[in-house]
Amino acid sequence: MASTIPDPCTGSDGRSQAAGPAPDRPGRVEAHGIDHIPDGERHGRPRALFSVWAAANVNYLNLVVGGALILMGLTLGQALAVIVVGNLLWVVTGLLAAPGPAAGAPSEVITRALYGVLGNRVNNAVTGWLISVSYVALNLAAAAGSAFSLVARTGLPLTTPVKVIVVVAIAAVTLTISVYGHALIVKLYTPITLVLTAAFAVVAWAVATHADLGYRPAHPLSGTALWAALLTGTTLMASGPLSYTTSADFSRYLPRTTSPYAVIGWTALGGFLPGVVVCSLGAFAATAVDMTDPQTGLPRILPGWFTPLFLLALVLGTIALNALTAYSAGLALQAVGLRIRRSVSVLADGAVAVGLTLYALLVSNFLDTVNDVLQLTVVLLGPCSAVYAADIVLRRNRYDGRALCDESRGGPFWYTGGFHLRGVAALAGGVAASALCVGTLYTGPVAAALGGIDLALPAGMAVSAVLYAVLPGRPRSGDRTADRTG
């Protein structure tokens, strides 16, 4: 009897590509996992990526982050500038999506070219799986908060069993989308984007009629304190796009001939536009209501009939965001080396996230939790994004998806003992530089010398990119003849 344990270069259900995995259709559970997508199964257009990323960014978390900028002491103009600058990092997310069509593989496999087969397993365990599951839990807690408000409006008591049922129900919907996978995500996210756009248009109208357009804090920041707040805010804003180092997961089904510039543009635009709009709504709203608790503050300025619909929209937007994250977390778990089906890996990640969420709901200040998680992940995700982006540029987006599937000791991406020392050193150097510059949860020596100014994001990204560009060794394509001297 044939084994059902998936092989790295077969479908996630263990069937060989020659046997013909099920087509990528919305009504089928996606057959592929971290394996290579053959040219015959490629389909779609890059413009579909816009709605995938747009639906994921019309969400509660962006409202919270936008409002947090005002709470940090920035003026409205300063907050809006930070929102635009921070969201420009979606261009990096777009660049990281470009290798998807070229390799026909997810980001979790493409990064073997950066760190080596074993080095990449460590990378996926931390920056792929651990951080993704943490984000799923964080967003699930946000969605649950909105759902709890809906339940309370019905008059039902919010007992612990009721809260558990609500969290599990939201997780079930999210994981269903993630398990069915790529085709269902592409199919659903256009109507989800339209529904969320309509809902947030009503929010925008309500905010516009109440916002203080000339808002200035009672004690405006200046000097070092102002620069510290601006850079901290930019880091907080940039944490969103930088959390998607796995954007190739959603572009890998596109035909090999797809323009990389189209992939970059549609991905970046899909994240940038709603990111700027929704974060700005949060900032404007913070001039009129208390945004430390948006679920309580915002309904005060919304039409009464719309409040339940608004809470439903928050839940829907968070589900859209979380389905992408859970999908990538499932691929990351496979890329760590576990020979399990993609659908099983997604469900396992979901179970862990639900457990973390139920624990996180005991935290008294959700906003502090959001800030802490987002600021700390930048220490890792900034350098990771920079190494990945540098590799794409240096190799001119040339990736051999089938060669990347080769995990053998003699494979082209085994490098030295399974580790690509150039990539590992560049990442380690960037993380070290970033950690020295942190000025939020703790004060690193560089931040201390600068009066608390946090340069963790630019320092980590710059050091990683430069190290990867100048250290010995050149990027390999996977072609054994061409790479013989690599």
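On a predicted model such as this, the values are computed, not experimentally measured, just so you know.

Draft legend 1. Fine view of the confidence of the model for the protein. The pLDDT averaged across the protein works out to 87; a share of 90% of its residues lies at or above 70. Low pLDDT (under 50) marks residues 1-7, which in the prediction has 10 contacts with non-local residues, meaning those over four places away or in another chain. Overall, residues 10-19 carries pLDDT values under 50, and its contacts beyond four positions in sequence, including any with other chains, amount to 30 contacts.

Draft legend 2. Spotlight on the nonpolar core. Of all hydrophobic cores here, the largest spans 114 residues; its most connected members are Tyr189 and Phe310. By size, the runner-up hydrophobic cluster in this structure holds 9 residues, among which are Val133, Val136, Ala326 and Ala329.

Draft legend 3. Molecular detail of the packing of helix H10 (residues 182-210) against helix H14 (residues 307-335). Remark: H10 packs on H14, axes separated minimally by 10 Å, with the N-to-C direction vectors making an angle of 150°. As the angle between them shows, H10 and H14 are arranged roughly antiparallel. The handedness of the crossing between H10 and H14 is left-handed. Of the residues in H14, those in contact with His182, Ile185, Tyr189, Ile192, Val195, Leu196, Ala199, Phe200 and Val203 of H10 are Phe310, Ala313, Leu314, Leu316, Gly317, Ile319, Ala320, Ala323, Leu324 and Tyr327. Looking at the contact of H10 with H14 residue by residue, the classes come out as 17 nonpolar, 2 polar and no charged.

Draft legend 4. The arrangement of the packing of aromatic side chains in detail. Here the structure, examined in full by the defined rule, presents 10 aromatic pairs. Here the guanidinium or amino end of Lys163 rests over the ring plane of Phe148, the centre of that ring lying 5.6 Å away. The positively charged end of Arg422 is found above the aromatic ring belonging to Tyr468, 4.6 Å away from the centroid.

The rules behind the values
Residues numbered from 1 in each chain as written. Predicted model: local features only at pLDDT ≥ 70, side-chain atom pairs only at ≥ 80, totals over all residues. Heavy atoms only, no water. pLDDT = per-residue confidence, 0-100. Contact = heavy atoms within 4.5 Å. Core = buried A, V, L, I, M, F, W, Y, C linked by side-chain atoms within 4.5 Å. Buried < 20%, exposed > 50% of the residue type's maximum accessible area, 1.4 Å probe, protein only. Axes fitted to C-alpha atoms, helices over the stretch in contact; angles between N-to-C directions. Helix = DSSP H or I, 4+ residues; strand = E, 2+ residues; numbered from the N terminus. Parallel < 35°, antiparallel > 145°, perpendicular 65-115°, else oblique. Left-handed = near helix turned anticlockwise from the far one by under 90°. Nonpolar A, V, L, I, M, F, W, Y, C, P; charged D, E, K, R; others polar. Phe/Tyr/Trp six-rings, centres within 6.5 Å; stacked < 30°, edge-to-face > 60°. Lys NZ or Arg CZ within 6 Å of the ring centre and 35° of its normal.

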